[in-house]
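# Results of the structural survey
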Amino acid sequence: MTNDVTASRTPLREAMRAGGRDVSAMWWWFLLLGVLWIWFGMFVLSYRVGSLAAVAAFVGVAFLFGGITQLVVATRVESWRWLYIITGIMGVAAGILTFVWPDITLYVVSVLVAWYLIFFGIIHVVDSLAGPKLGWWWTGTLLGIAELVLGVWAIRSWERSLLTMVTLVGVWAIVYGVNEIFAAFTLREAGKRAERAAG
């Protein structure tokens, strides 16, 4: 009886050990991605000529990836397929145009970002004041005011809009990179815990 129980647990333990090793082996990939994202964000925030090209490439890749994703989704849905196809084609076209005319793309996207900040700044302020008052409701008000002020400041000239967009991309990349680094060490620790539990 004991031998049967031990024999049945051995494959499970081996599977847990193998899973723990697989998880632990992947953590460095997230660490590398995090470091690269932080490097990209710092390069963008250096405000050199090359940082504008980096932002244009980032926007172009984002458009292409979004368009291709929409086209893939279109092959798997039954309803509203035409809408996914149209948005997918538009995304791919916008990505290609970004690489053909990066200057015009950066101008248009930077103006859209400024209006986006204004629009969502108003929404966040109204939502925080009119919505339920949770313990941290005032953070939504501060976020909305900051977005609104930044958007109004940026919309006054395209140079400011471009500066705002470049700054937002740089800060986002650094925050995302830090998040990936934390995820890497969390994954590493989870793999070690799984191996310890199996051992």
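A brief structural summary. Model, not experiment: these values are computed from the prediction.

Here is what the cut-offs are and how they apply
- Residues numbered from 1 in each chain as written.
- Predicted model: local features only at pLDDT ≥ 70, side-chain atom pairs only at ≥ 80, totals over all residues.
- Heavy atoms only, no water.
- Helix = DSSP H or I, 4+ residues; strand = E, 2+ residues; numbered from the N terminus.
- Buried < 20%, exposed > 50% of the residue type's maximum accessible area, 1.4 Å probe, protein only.
- Contact = heavy atoms within 4.5 Å.
- Areas by Shrake-Rupley, 256 points an atom, 1.4 Å probe, with all protein chains shown as cover.
- Core = buried A, V, L, I, M, F, W, Y, C linked by side-chain atoms within 4.5 Å.
- Axes fitted to C-alpha atoms, helices over the stretch in contact; angles between N-to-C directions.
- Parallel < 35°, antiparallel > 145°, perpendicular 65-115°, else oblique.
- Left-handed = near helix turned anticlockwise from the far one by under 90°.
- Nonpolar A, V, L, I, M, F, W, Y, C, P; charged D, E, K, R; others polar.
- Phe/Tyr/Trp six-rings, centres within 6.5 Å; stacked < 30°, edge-to-face > 60°.
- Expected span 1.5 Å × (residues − 1).
- Lys, Arg positive; Asp, Glu negative; His and termini not counted.
- Salt bridge = Lys/Arg side-chain N within 4 Å of Asp/Glu carboxyl O.

### Thoughts on the overall build of the protein chain
The number of helices and strands found in the protein chain is six helices and zero strands. The secondary structure elements of the protein chain, listed N-terminal to C-terminal, are α-α-α-α-α-α. Out of the 199 residues belonging to the protein chain, those deemed buried represent 26%. The long-range share in the protein chain, meaning contacts at least 24 apart out of those at least 6 apart in sequence, stands at 72%. Split by element, the accessible area of the protein chain, about 13200 Å² in all, is 74% carbon and sulfur.

### Focus: the nonpolar core
Ranked by internal contacts, the top residues of the largest apolar core, which has 15 residues, are Phe-40, Val-44, Val-55, Leu-106 and Met-165. Looking at this core, the elements with two or more residues in it are helix H1 (2-44), helix H2 (49-74), helix H4 (102-130) and helix H6 (158-198). With five residues, H6 is the single largest residue contributor to this core. The residues contacting Leu-106, other than those within four sequence positions of it, are Leu-52, Val-55, Ala-56, Leu-162 and Met-165.

### So, the packing of H4 against helix H5 (residues 137-155)
For the pair H4 and H5, interaxial distance at closest approach is 7 Å and the crossing angle is 155 degrees. Looking at the two axes, H4 sits roughly antiparallel to H5. Crossing hand, H4 versus H5: left-handed. Residue classes in the contact of H4 with H5 are distributed as 17 nonpolar, seven polar and one charged.

### So, the environment of Gly-191
Structurally, the position occupied by Gly-191 is in helix H6. A residue is classified by how much of its surface remains accessible, and Gly-191, at 1% relative accessible area, is buried. Sequence separation between Gly-191 and Met-26 is 165 residues, and the spatial gap between their C-alpha atoms is 9.4 Å.

### Section: the packing of aromatic side chains
The full count for this structure, using the stated rule, is 12 aromatic pairs. Taken together, a centroid distance of 5.3 Å and an interplanar angle of 80 degrees make the contact between Trp-37 and Tyr-176 edge-to-face. Here Tyr-176 lies in helix H6 and Trp-37 lies in helix H1, a separation of 139 residues in the sequence. By relative accessible area, Trp-37 is classed as partly exposed at 21%.

### Topic: H4
Structurally, the α-helix is built with 3.6 residues per turn, so residues lying three or four positions apart point the same way. With 29 residues, H4 extends 41 Å between its outermost C-alpha atoms, agreeing within 8% with the 42 Å of an ideal straight helix rising 1.5 Å per residue. What H4 keeps buried is the set Thr-105, Leu-106, Val-109, Ser-110, Val-113, Ala-114, Leu-117, Ile-118, Gly-121, Val-125 and Ser-128.

### What about the side chain of Glu-180?
For Glu-180, the position within the fold is in helix H6. Buried within the structure, Glu-180 lacks any salt-bridge partner; its nearest side chain of opposite charge belongs to Arg-188, at an N-O separation of 16 Å. Filtering out sequence-adjacent residues up to four positions away, Glu-180 remains in contact with Phe-30, Leu-33 and Gly-34.

### A short note on H2
Here H2 contains 26 residues, and its C-alpha end-to-end distance of 38 Å stays within 8% of the 38 Å for a straight helix at 1.5 Å per residue. Taken together, the buried positions of H2 are Ser-51, Ala-54, Val-55, Ala-56, Val-59, Gly-60, Gly-67 and Ala-74.

### Looking at the side chain of Glu-147
Summarising the element assignment, Glu-147 is placed in helix H5. Beyond its immediate sequence surroundings of up to four residues, Glu-147 is in contact with Leu-117, Ile-118, Phe-120, Gly-121 and His-124.

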